[in-house]
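Working through the structure, step by step
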Amino acid sequence: MTLIKPIYPVPLINKIKALLAFKLPSSEMPPPPITYVDDNVCKLSNNSIKARNMGIIPMLFMVSFMAFYQIAGFYSMWKSTEQNIQEDVEYYKKIWGKLLFITKRSPFR
């Protein structure tokens, strides 16, 4: 014997007689998930499309935009750091000569 019995949704086809017997007054608007009711048609709104258009797609654009600028900033920082290091190497070559980088007896070790 199971303690928790799963409850599955009942398909609408099993409730077709009760659904068709209910008549909605034409002056009233249907409840929010239902957009249109007729004798033969009941049109439901699909909220997942609204959620995708209002939330997921703009968030995807925002994340890709931020990732692009993070990568661009990292690349420019890397490039400027490399340029500064090469300028320092050229400066120390002028001061100490080329032997500074060849010999093991460097004043910076």
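Residues numbered from 1 in each chain as written. Predicted model: local features only at pLDDT ≥ 70, side-chain atom pairs only at ≥ 80, totals over all residues. Heavy atoms only, no water.

**Examining the overall build of the chain**
We apply this condition: Under the DSSP-based scheme used, a helix requires at least four consecutive residues in state H or I and a strand at least two consecutive residues in state E, with every element numbered from the N terminus. Buried, partly exposed and exposed residues are distinguished by accessible area as a fraction of the type maximum, computed with a 1.4 Å probe on protein chains only: under 20%, between the cut-offs, and over 50%, respectively. Note on areas: these come from Shrake-Rupley sampling with a 1.4 Å probe, and a residue is covered only by the protein chains present in the view.
Regarding its fold elements, the chain presents 3 helices and 2 strands. The proportion of buried residues among the 109 residues of the chain is 4%. Split by element, the accessible area of the chain, about 11,000 Å² in all, is 66% carbon and sulfur.

**Points about the packing of aromatic side chains**
Rules: Two rings from Phe, Tyr or Trp (for Trp, the six-membered ring) form a pair when their centres are within 6.5 Å of each other. A pair whose planes differ by under 30 degrees is stacked, one over 60 is edge-to-face, and the rest are tilted.
Applying the stated criterion across every chain, the model contains 4 aromatic pairs. Relative to Tyr69, the ring of Phe68 lies with its centre 5.2 Å away and its plane at 80 degrees, an arrangement referred to as edge-to-face. Overall, the relative accessible area of 52% leaves Phe68 in the exposed class. Taking relative accessible area as the criterion, Tyr69 reaches 48% and is therefore assigned partly exposed. Members of the aromatic cluster, joined through ring pairs, are Phe65, Phe68 and Tyr69.

**Points about the pairing of strand β1 (residues 34–37)**
The following threshold applies: A pair of strands is labelled paired if DSSP reports no fewer than 2 bridges between them.
For β1 and strand β2 (residues 42–44), the ladder comprises 3 bridges, and the chain directions are antiparallel. Bridged to Tyr36 within β2 is Lys43. Counted between consecutive antiparallel strands, the loop separating β1 from β2 contains 4 residues.

**So, the environment of Pro33**
The test is simple: Any two residues whose heavy atoms approach within 4.5 Å are treated as being in contact.
Take Pro33: it is sitting in the loop between α1 (16–21) and β1. Since its relative accessible area comes to 46%, Pro33 is described here as partly exposed. Excluding its chain neighbours within four sequence positions, the residues that come into contact with Pro33 are Lys43, Leu44 and Ser45.

**So, the confidence of the model for the chain**
Threshold: Note: pLDDT gives the predictor's confidence per residue, expressed from 0 to 100.
Across the chain, the average pLDDT comes to 78, with 74% of residues at 70 or higher. Least confident of the elements in the chain is helix α3 (residues 99–102), whose mean pLDDT is 65; most confident is helix α2 (residues 47–96), at 88.

**A short note on a nonpolar patch on the surface**
What counts here: A patch is a set of surface residues, each over 30% in relative accessible area and not in a salt bridge, joined within 9 Å for like charges and within 5 Å for the nonpolar side chains Val, Leu, Ile, Met, Phe, Trp and Tyr. A pairing counts as a salt bridge when a side-chain nitrogen of Lys or Arg comes within 4 Å of a carboxyl oxygen of Asp or Glu.
There is a patch of nonpolar side chains on the surface, built from Met59, Met62, Val63, Phe65, Met66, Phe68 and Tyr69 and spanning about 780 Å² of accessible area. Relative to the elements of secondary structure, Met66 occurs in helix α2. By relative accessible area, Met66 is classed as partly exposed at 49%.

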